[in-house]
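The residues making up each chain are set out below.
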Amino acid sequence: MPALSVVTKEKALEELKQRMLEDPLAYAKTSPSHNAAQVRAINAVADGDPINIFTFGNGTGKTHLLMSLWSAIMFGTKNKLFDQGIFKQWPKRWPKTARLCAPESLLGDTDVIQILMRKLFPSNAYKQQKNHKTFYGSGQTNTGWSWDVMTYDQDAQQAAGETKGLLLYSEPPPRALFNENLARLRAGGITIMEMTPLNFAPWILDEYIDMKVLTTKEGKVVGKINHITGDIWDNCNERPGGQLSREAIEIVLSQYSDEEREMREKGVFGRLQGRIYKTFDQAVHVIEELPEYHKECFKQEKYTLYNVVDPHDRKPFAIGWYCAFPNEDVIVMGEFPDESFQPFHKISSFSWMPEDYAKMMKATELQGFGKPAEVRWIDPNFGQTTQFATKKTIRQTFYDWGQNVLNSHALNYGLPVDKIGDGHLAVKGYLGDPEKMVRPKLYVMKSCTNHIYGFTHYAWKEEKNNELKGFSETPQLVYKDFMDLVRYLCVMNPRYIEPSKERPDFYKKASYPGRS
């Protein structure tokens, strides 16, 4: 009898081991098998909404979650957490084809994706191929699923082709790849992305998380965007499903700067991380209408109108109008493109000629301000570039149009100082610092959305080289256009000039072609 008992025990252990290999999600070391943040995400994905984005703090188990969801969808599981929604029944109209997108550094045989695949996918239920790559680039399951793998270094055009039903992202992808992949869900499906929300990929926050829903051009809601945040303390072993000790969490968090800590701890976006104009506060600097003092000055024309232009060859020109008042305040009063166009950073091409801008600027100034701008600055780089068709610079073209076509609506543009460091310091001086009781001298009308977007997104480039971790001394190029306008304005010290006084010659004769 004792011998039989040993055999029975060994057989039971062998059967348990086999069940664990066949359904690893059902046999976790902790109960519940996932922490609270992961459970919130599982419940959200179960509903089958088209886009699901998880911004988790470091150490919250976000990649483990992604691979758990993928396993539950493709293979099913007896784990009670997944006994719901699309985990129980994948919609018949959705293809059983998936795509995993991740940095190549996560995809090697000994890297986290493959480690979790071996841990969370049923043994002998799938096979993979490397296809002449250094990592496994495709795979198939015995449940009818197939998948391919793309890295963030690949050209987005390589994402075209086969229809997909499931898109998975470990960390935020390049926007072009994300957009191309969305087209692969043409038969229906779901997107799942996990990330720690550091300074990169602000478009994910602005264009998806903050929008909360997907809409047609007509405004019809066609889908929900789920955003689940995860706090590293959700994964503390003092809480259900947690894995990390309190001491380990405290040691990890102690190594981050104050700026990074909240993002890495709580999984919330930090708009200040790496941002150049950190003292810009929409609650302080953005105004819906002119205060009474400025309104009265505007009525009495006690302001000096400044106009700054940053030309481009493919995108529209970035143009701003600024009023300097007697009390030394400067207010961003107007911009082009305005709210009747798409946001500037979303416009990829524009067909206007310099002459079109000249006409628009005259109309804007006369209708909005009742007078031409008294002082004008133009980007000293592209503004001085000779156009192939006219053999003139854009600056010269504006001058000629102002003199000869627009009935002497002068478009005399000077060249501002173009030292980025000096410009940044000048702008910061005008912004002040409300927290330190330094009164701002620069404000933005709420309608000037491109300026506001620039102030909240213009940031230092993050070094991608791990050895050079942190932020470089080079600004991001994507959101710089309207910030260049403000930089040119502030570095030239905008001020109110009384009409009775002789106006200074802002444009030195020798430097201004066409002037006598």
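Source: prediction; values computed, not measured.

Thresholds applied
- Residues numbered from 1 in each chain as written.
- Predicted model: local features only at pLDDT ≥ 70, side-chain atom pairs only at ≥ 80, totals over all residues.
- Heavy atoms only, no water.
- Pairing = 2+ DSSP bridges.
- Helix = DSSP H or I, 4+ residues; strand = E, 2+ residues; numbered from the N terminus.
- Contact = heavy atoms within 4.5 Å.
- Axes fitted to C-alpha atoms, helices over the stretch in contact; angles between N-to-C directions.
- Core = buried A, V, L, I, M, F, W, Y, C linked by side-chain atoms within 4.5 Å.
- Buried < 20%, exposed > 50% of the residue type's maximum accessible area, 1.4 Å probe, protein only.
- Left-handed = near helix turned anticlockwise from the far one by under 90°.
- Nonpolar A, V, L, I, M, F, W, Y, C, P; charged D, E, K, R; others polar.
- Parallel < 35°, antiparallel > 145°, perpendicular 65-115°, else oblique.
- Phe/Tyr/Trp six-rings, centres within 6.5 Å; stacked < 30°, edge-to-face > 60°.
- Lys NZ or Arg CZ within 6 Å of the ring centre and 35° of its normal.

Q: I'd like a rundown of the sheet that holds strand β11 (residues 304-310), residues and numbers included.
A: Read from one edge to the other, the open sheet built from 6 strands follows the order β10-β15-β13-β12-β11-β14, with strand pairing classed as mixed. Strand pairing shows two members of the sheet lacking a second neighbour, β10 (286-287) and β14 (375-378), which therefore form its edges. Bridging between β11 and strand β12 (residues 318-324) involves 7 bridges; their strand directions are antiparallel. Each residue of the ladder has a partner; that of Tyr-306, found in β12, is Tyr-322. Sheet strands in contact with helix α12 (residues 354-368) are β11, β12, β13 (330-336) and β14, and its direction is about 25° off that of β12.

Q: Any chance you could break down the sheet that holds strand β1 (residues 51-56) for me, citing the residues and the numbers?
A: Strand order in the open sheet formed by 9 strands is β3-β4-β5-β2-β6-β7-β1-β9-β8, and the pairing between neighbours is mixed. The strands lining the two open edges of the sheet, one partner per strand, are β3 (126-129) and β8 (213-215). Neighbour-to-neighbour, the strand axes of this sheet turn through a mean angle of 15°, independent of strand direction. Both strand β2 (residues 97-102) and strand β5 (residues 146-151) contribute to a ladder of 6 bridges, which runs parallel. Along β5, the bridge assignment pairs Ala-102 with Thr-151. Packed on one face of the sheet, helix α2 (residues 36-46) meets β1, β7 (190-195) and β9 (221-230) and runs near 170° to β9.

Q: I'd like a description of the nonpolar core, backed by residues and values.
A: Of all hydrophobic cores here, the largest spans 64 residues; its most connected members are Phe-398 and Phe-455. Not counting residues up to four positions away in its chain, the partners in contact with Phe-398 are Val-309, Phe-317, Pro-354, Tyr-357, Ala-358, Met-361, Ile-378, Leu-411 and Tyr-413. If you look at the next biggest cluster of nonpolar residues, it comprises 43 residues, including Ile-42, Phe-87, Trp-94 and Leu-116.

Q: So what about helix α15 (residues 449-457)? Which residues, and what values?
A: Within α15, 8 of the 9 residues are buried, leaving the element largely enclosed by the surrounding structure. Taken together, the buried positions of α15 are occupied by Asn-450, His-451, Ile-452, Tyr-453, Gly-454, Phe-455, Thr-456 and His-457.

Q: For the packing of α2 against helix α3 (residues 62-75), give the residues involved together with the corresponding values.
A: The contact between α2 and α3 brings their axes to 11 Å, and the two run at 35°. Both α2 and α3 take part in a crossing whose hand is right-handed. Where α2 abuts α3, its residues Gln-38, Ala-41, Ile-42 and Val-45 lie against His-64, Leu-65 and Leu-69. Counted by class, the contact of α2 with α3 contains 5 nonpolar, 2 polar and no charged residues.

Q: An account of the packing of α3 against helix α5 (residues 112-120) is needed here, citing residue identities and associated values.
A: The N-to-C vectors of α3 and α5 enclose an angle of 45°; their axes lie 10 Å apart at closest approach. With respect to each other, α3 and α5 are oriented oblique. The interaxial crossing formed by α3 with α5 has right-handed handedness. Between α3, through Thr-63, His-64, Met-67, Ser-68, Trp-70 and Ser-71, and α5, the contact on the second element is made entirely by Val-112, Ile-113, Leu-116, Met-117, Lys-119 and Leu-120. Here the residues of the contact of α3 with α5 are counted per class, giving 7 nonpolar, 4 polar and 1 charged.

Q: Describe unusual backbone geometry, and please don't skip the residues or the numbers.
A: Pro-337 follows Phe-336 through a cis peptide bond whose omega is -5°. Inspection of the secondary structure assignment puts Pro-337 in the loop between β13 and α12. At Met-437, a residue that is not glycine, the phi angle is positive and equals roughly 65°. Here Met-437 falls in the exposed class, since its relative accessible area comes to 74%.

Q: Go over the packing of aromatic side chains, please, and point to the residues and values.
A: Tallied over the full model, the rule gives 31 aromatic pairs. Both rings, one in Phe-82 and one in Phe-87, keep their centres 5.1 Å apart while their planes meet at 90°; by these two values the pair is edge-to-face. Summarising the burial analysis for this pair, Phe-82 and Phe-87 share the class buried. Between the aromatic rings of Phe-121 and Tyr-126, the centroid separation amounts to 5.3 Å while the plane-to-plane angle is 85°, which identifies the pairing as edge-to-face. Cation over ring: Lys-371 sits above Tyr-303, and NZ or CZ is 4.1 Å from the ring centre.

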